[in-house]
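Fold and contact review
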Amino acid sequence: TQLLEQSPQFLSIQEGENLTVYCNSSSVFSSLQWYRQEPGEGPVLLVTVVTGGEVKKLKRLTFQFGDARKDSSLHITAAQPGDTGLYLCAAGSNDYKLSFGAGTTVTVRA
Amino acid sequence: GAGVSQSPSNKVTEKGKDVELRCDPISGHTALYWYRQSLGQGLEFLIYFQGNSAPDKSGLPSDRFSAERTGGSVSTLTIQRTQQEDSAVYLCASSLATGRRNYGYTFGSGTRLTVV
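Residues numbered from 1 in each chain as written. Chains lettered and ligands numbered in written order. Predicted model: local features only at pLDDT ≥ 70, side-chain atom pairs only at ≥ 80, totals over all residues. Heavy atoms only, no water.

With that settled, consider the overall build of chain A. Within chain A, the regular secondary structure consists of 0 helices and 11 strands. Of the regular secondary structure in chain A, the N- to C-terminal order runs β-β-β-β-β-β-β-β-β-β-β. A globule of 110 residues ought to have a C-alpha radius of gyration of about 13 Å, and chain A, at 13 Å, matches this closely. Oriented by its inertia axes, the alpha-carbon framework of chain A measures out at about 40 × 30 × 20 Å. Per-residue burial over chain A gives 44% buried out of 110 residues. In chain A, the share of contacts with a sequence separation of at least 24, taken over all contacts with a separation of at least 6, comes to 53%. Accessible surface, chain A: about 5200 Å² in total, of which carbon and sulfur atoms supply 49%. Across chain A, 9 positive and 10 negative side-chain charges occur, with their mean positions spaced 3 Å apart. (Helix = DSSP H or I, 4+ residues; strand = E, 2+ residues; numbered from the N terminus. Rg over C-alpha atoms; globule rule 2.2 N^0.38 Å. Buried < 20%, exposed > 50% of the residue type's maximum accessible area, 1.4 Å probe, protein only. Contact = heavy atoms within 4.5 Å. Areas by Shrake-Rupley, 256 points an atom, 1.4 Å probe, with all protein chains shown as cover. Lys, Arg positive; Asp, Glu negative; His and termini not counted. Charge placed at Lys NZ, Arg CZ, Asp CG, Glu CD.)

In structure tokens form, the structure reads like this:
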């Protein structure tokens, strides 16, 4: 079982500020995904990264996969209250079973 | 359907009773997963179905838990003789056929199970 550690566990910032959350492991992954989950809902896929060193941008969100494919970061620029939620990273070393981190709870205050 | 549908959305049951949770995946998604999410914890893998292959049951926490998938579509997760530690949100997800690339999961909204 791969252990994915996310940090920080909680993050509270003011609207307009930037934030970064991290996902780390000692294992190498074939792919890594980021999800956002809002209260009462299931997680929603934001991005999948598969290549070491890969950087993907989704509007104000920037995702990076580490060169060694063991870690990833999610950076949000000029955060907005709509970015509030639980951010989960998930990774797999085989074809189908994903392991999830415990998540980072992000609160963006207006 | 347009998304993954789970029912019921909430279930309160007495300790020792059996419960059934239902998942209706996205049409055409051959892979179906059940995960459990407890407060402050990550998602815990329970079971995986892929087409007509034997399911991967390696995550089921005890023999009180079982799941089936009929006709390659709807799945039912059954918990027998429920215990208080079974209280959690049970999430179902589906995805396109697996291969070397993971297409990502589409999750339902979950069933919040409370055992009193």
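Here we take up the nonpolar core. One finds Leu-19, Leu-32, Trp-34, Phe-63, Leu-74 and Ile-76 of chain A to be the most contacted residues of the largest nonpolar core, which totals 22 residues. Among the secondary structure elements, those contributing two or more residues to this core are strand E3 (19-24), strand E4 (31-37), strand E5 (44-49), strand E7 (61-65), strand E8 (71-76), strand E9 (85-92) and strand E11 (104-109) of chain A. Contacts of Leu-19 of chain A, omitting those with residues within four sequence positions, involve Leu-11, Ile-13, Leu-74, His-75, Ile-76, Ala-79 and Val-106 of chain A. Leu-21, Cys-23, Leu-32 and Cys-92 of chain B belong to the second largest nonpolar core, which has 20 residues in total. (Core = buried A, V, L, I, M, F, W, Y, C linked by side-chain atoms within 4.5 Å.)

On to the packing of aromatic side chains, then. One pass over the full model with this rule turns up 11 aromatic pairs over all chains. Ring geometry for Tyr-35 of chain B against Tyr-105 of chain B: centres 5.9 Å apart, planes inclined by 50°, an arrangement best described as tilted. Highlighted residues: Tyr-35 of chain B in strand E4 (residues 31-37) and Tyr-105 of chain B in the loop between strand E8 (88-95) and strand E9 (106-107), separated in sequence by 70 residues. For the residue pair Tyr-35 of chain B and Tyr-105 of chain B, the accessibility class agrees, reading buried in each case. Grouped by ring-pair contacts, the aromatic residues Tyr-35 and Phe-100 of chain A together with Tyr-33, Tyr-35, Phe-45, Tyr-48, Tyr-105 and Phe-107 of chain B constitute a single cluster. (Phe/Tyr/Trp six-rings, centres within 6.5 Å; stacked < 30°, edge-to-face > 60°.)

Quick look at the pattern of salt bridges now. Residues and elements named next belong to chain A. One pass over the structure, following the stated rule, counts 5 salt bridges over all chains. Among the ionic pairs, Arg-60 bridges to Asp-83, the shortest N-O distance being 2.8 Å. Here Asp-83 lies in the loop between E8 and E9 and Arg-60 lies in the loop between strand E6 (55-58) and E7, a separation of 23 residues in the sequence. With a relative accessible area of 25%, Arg-60 lands in the partly exposed category. (Salt bridge = Lys/Arg side-chain N within 4 Å of Asp/Glu carboxyl O.)

All names here are of chain B. In spatial order, the strands read E1-E3-E7-E6; together these 4 strands make up an open sheet with antiparallel pairing. Each edge of the open sheet carries a strand with a single partner, namely strand E1 (5-7) and strand E6 (65-69). Taken over all neighbouring pairs, the strand axes of this sheet differ in orientation by 15° on average, direction set aside. For E6 and strand E7 (residues 75-79), the ladder comprises 5 bridges, and the chain directions are antiparallel. Of the residues in E7, the one forming a bridge with Ala-67 is Leu-77. (Pairing = 2+ DSSP bridges. Axes fitted to C-alpha atoms, helices over the stretch in contact; angles between N-to-C directions.)

Another aspect to go through is the interface of chain B and chain A. Counting residues at the interface gives 22 residues for chain B, matched by 19 residues for chain A. Viewed at the interface, chain A and chain B are joined by 0 salt bridges. On the surface where chain B and chain A come into contact, there are 6 residue pairs in polar contact (both at pLDDT 80 or more). Looking at the side of chain B that touches chain A, the elements with two or more residues in it are E4 and strand E5 (43-50) of chain B. Partitioning the side of chain B that touches chain A into residue classes produces 9 nonpolar, 11 polar and 2 charged. (Polar contact = N/O pair within 3.5 Å; in protein donor to acceptor, adjacent residues only side chain to side chain. Nonpolar A, V, L, I, M, F, W, Y, C, P; charged D, E, K, R; others polar.)

A word on unusual backbone geometry. Omega for the peptide link from Ser-7 of chain A to Pro-8 of chain A comes to -10°, which places this bond in the cis form. If you trace the backbone, Pro-8 of chain A turns up in the loop between strand E1 (5-7) and strand E2 (10-14). In this chain, Ser-7 of chain B is followed by Pro-8 of chain B through a cis amide linkage whose omega measures -10°. Positionally, Pro-8 of chain B belongs in the loop between E1 and strand E2 (10-13). Backbone geometry places Lys-59 of chain A, a non-glycine residue, at a positive phi of 55°. For Lys-59 of chain A, the position within the fold is in the loop between E6 and E7. On the accessibility criterion, Lys-59 of chain A (84% relative accessible area) is exposed.

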